[in-house]
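# A structural walkthrough
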Amino acid sequence: MPPLSRRLALALAPGLGGLALATLLRRGCFSSAAQAQERGADFPAKAKRVIWLFMAGGPSQLDLFDHKPGLRARFNEDLPASVREGKRLSTMTSGQGRFPIAPSLFDFSQHGEAGTWVSELLPHTARLADDIAVVRTVCSDSVNHDPAMMAMLTGAALPGKPSAGAWLSYGLGALNDNLPSFVVLTSACSQQSSVQPLSSRLWGSSYLPGTTAGVTVRSAGPPVLFLENPPGVDAAARRSFLDATKALNQHALERDRDPAIQTRIDEFEMAFRMQSAVPDLTDLTQETTSSKQLYGAQVDVPGSFANNCLLARRMLERDVRFVQIFHRGWDSHEQLPARHRSQCQEIDEACFGLVTDLKQRGLLEDTLVVWGGEFGRTSFCQGNLTLQDYGRDHHPACFSMWLAGGGIKPGIVYGETDDFSYNVAQNPVPLRDLHATLLHQFGLDHDRLAVLNQGLLEKLVGVDAPARVVSEILT
């Protein structure tokens, strides 16, 4: 008989380990993937699906959503030391001799019934003012890209944690049998410099079952790698091979009780079903001209942000639960006006088209749309400051995101920053609260969605501080 694994030994332990495990089970703090799917949501959900539009690199809240007209009279003045309050700076500006204020070059105007201020860079997003909730006071602790992206998408700055998409897939299971519950799309961008690399850790499953991890769909070549049968192997031969492999894996699972083996079985079966589902999913010739026109001129360009937004809508219609769309190139340490103008042209109309399309099809009501990056940008200039040009460094202390659908209160602005868009003045939204709110909309209690990992209790919202659902932005 093979030796017991640590997991099985704990489950069978008759002493304190067994008692501790039983206690956690009674409290609802520990669950297997099967148990999570059986119990479903903790309370009625407002959202069924989510699209997270991730602007990697850090869009400038000061140039997009956080209007500070008073800064124009303070052009090139030093940002008061009392405002900086000793907050951590990145190595790119920590050695600067001074921190000159750089007002936004762009005009803002008010839109919608709430008079939401939106920059001239986002004329199409401005048309959504009555459909979205702009949150100006998201805040994080991470001042560098990789840990900040990890914190935003996994709840922890250090790698090795499951992503938000994996947590949702784990807690609620899949909505369909033929496509993954969690899909990742990476968009092309025109910026050729300061483009942050993306790691699969951002959509990984870590200690959760491997089937909860995000599956990347590519814009060139086979949409999903290694999905097609090799030359000379037809569907019948592939099915026969999988049946034989499944029988061997099933025998190993009964012998070792290792959940990783069940994950392997499930992944093989999903890949077989995806062979017929994926080609239909990515066939945009089925779309009408009027639908495509909503997303802008780049909609037929494979890998463009517009193309990915349309693909995402098709995935939602086929009950993919979580779609993550990345758009890179927002890291503007220099020439921010020119770079942000280019970036906004690539995403603005597509964001409008996506929300409008979802609304027209009756999908927005139970689809949560999230837009934002890993942090914002400083109100002081990095590098040379002129009346027509400036750069901005990373700024996690306060930045803007917007949300729509899925039970989000439309047409509101939440939170206030100080006169310099440097600190939260009212209603901070730390990442754990953002994550708690996301889970809440799916009917999940952020404290109950937890697992034991090597003896430690793990949650998307972390265990270091209590998280709060931001009920003020919910219907």
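Cut-offs and rules
- Residues numbered from 1 in each chain as written.
- Predicted model: local features only at pLDDT ≥ 70, side-chain atom pairs only at ≥ 80, totals over all residues.
- Heavy atoms only, no water.
- Buried < 20%, exposed > 50% of the residue type's maximum accessible area, 1.4 Å probe, protein only.
- Helix = DSSP H or I, 4+ residues; strand = E, 2+ residues; numbered from the N terminus.
- Pairing = 2+ DSSP bridges.
- Polar contact = N/O pair within 3.5 Å; in protein donor to acceptor, adjacent residues only side chain to side chain.
- Contact = heavy atoms within 4.5 Å.
- Salt bridge = Lys/Arg side-chain N within 4 Å of Asp/Glu carboxyl O.
- Axes fitted to C-alpha atoms, helices over the stretch in contact; angles between N-to-C directions.
- Parallel < 35°, antiparallel > 145°, perpendicular 65-115°, else oblique.
- Left-handed = near helix turned anticlockwise from the far one by under 90°.
- Nonpolar A, V, L, I, M, F, W, Y, C, P; charged D, E, K, R; others polar.
- Expected span 1.5 Å × (residues − 1).
- Bend = angle between axes of the 7 residues up to and from the residue.
- Phe/Tyr/Trp six-rings, centres within 6.5 Å; stacked < 30°, edge-to-face > 60°.
- Lys NZ or Arg CZ within 6 Å of the ring centre and 35° of its normal.

### With respect to the pairing of strand E5 (residues 182–187)
Of all the 6 residues making up E5, 5 are buried; the element is thus mostly covered by neighbouring parts of the structure. Bridge count between E5 and strand E7 (residues 322–327): 6 bridges; the pairing is parallel. Its bridge partner being in E7, Val 183 is matched across the sheet by Val 323. Two strands pair when backbone bridges link them, and E5 and strand E6 (residues 215–216) are joined in this way by 2 bridges, in the parallel orientation. Within E6, the position partnered with Val 183 by the bridge is Val 215.

### Things to note about the side chain of Thr 367
Here Thr 367 shows up in strand E8 (residues 367–372). Among the residues examined, Thr 367 registers a relative accessible area of 0% and is labelled buried. A polar atom in the side chain of Thr 367 sits 3.1 Å from the side chain of Arg 49. Ignoring sequence-local partners within four residues, the contact set of Thr 367 consists of Arg 49, Leu 316, Leu 358, Ala 404, Gly 405 and Gly 406.

### Section: the pattern of salt bridges
The final tally for this structure, using the stated rule, is 26 salt bridges. A salt bridge links Asp 146 to Arg 201; the nearest nitrogen and oxygen atoms lie 3.0 Å apart. Of the two residues, Asp 146 is situated in helix H7 (residues 145–154) and Arg 201 in the loop between E5 and E6; the sequence distance between them amounts to 55 residues. Judged by its relative accessible area of 34%, Arg 201 is partly exposed. Measuring nitrogen to oxygen at the nearest pair gives 2.6 Å for the salt bridge that ties Glu 287 to Arg 313. With Glu 287 in the loop between helix H10 (259–281) and helix H11 (289–294) and Arg 313 in helix H12 (residues 305–317), the pair connects residues that are 26 residues apart, well separated along the chain. Owing to a relative accessible area of 1%, Arg 313 belongs among the buried residues under this scheme.

### Focus: the side chain of Ser 291
As for its placement among the helices and strands, Ser 291 is situated in helix H11. Only 3.0 Å separates the side chain of Ser 291 from the side chain of Arg 361, close enough to count as a polar contact. Those residues in contact with Ser 291 that lie beyond four places of it in its chain are Arg 313 and Arg 361.

### Observations regarding the environment of Glu 85
Topologically, Glu 85 is positioned in the loop between helix H5 (81–84) and strand E2 (108–111). In sequence terms Glu 85 and Asn 423 are 338 residues apart; their C-alpha atoms lie 9.3 Å from each other.

### Observations regarding the packing of H12 against helix H13 (residues 336–360)
In helix packing, the relevant descriptors are the interaxial angle and the interaxial distance, both defined with respect to the helix axes. In contact at an axis separation of 8 Å, H12 and H13 are set at 20° when each is read in the N-to-C sense. As the angle between them shows, H12 and H13 are arranged roughly parallel. As H12 runs across H13, the sense of the crossing is right-handed. Here Phe 305, Ala 306, Cys 309, Leu 310, Arg 313 and Leu 316 of H12 lie close against H13, whose contacting residues are Glu 346, Ile 347, Ala 350, Cys 351, Leu 354, Asp 357 and Leu 358. The class makeup of the residues in the contact of H12 with H13 is 10 nonpolar, no polar and 3 charged.

### A short note on H13
Along its 25 residues, H13 runs 35 Å from first to last C-alpha, staying within 8% of the 36 Å computed at 1.5 Å per residue. Of all the bends found along H13, the most pronounced is centred on Gln 345 and spans about 35°. Looking one or two residues past H13, Gly 362 carries a phi angle of roughly 75°, positive in sign.

### A short note on the packing of aromatic side chains
Evaluation of the coordinates by the stated rule reveals 10 aromatic pairs. Taken together, a centroid distance of 4.8 Å and an interplanar angle of 70° make the contact between Phe 182 and Phe 322 edge-to-face. Here Phe 322 lies in strand E7 and Phe 182 lies in strand E5, a separation of 140 residues in the sequence. Between Trp 203 and Phe 326, the ring centres sit 5.7 Å apart and the planes meet at 55°, which makes this aromatic pair tilted. In this pair, Trp 203 sits in the loop between E5 and E6 while Phe 326 sits in strand E7, placing the two residues 123 residues apart along the sequence. Members of the aromatic cluster, connected to one another through ring pairs, are Phe 65, Trp 330, Trp 371 and Trp 402. Above the ring of Phe 352, the side-chain terminus of Arg 127 is found at 4.0 Å from the ring centroid.

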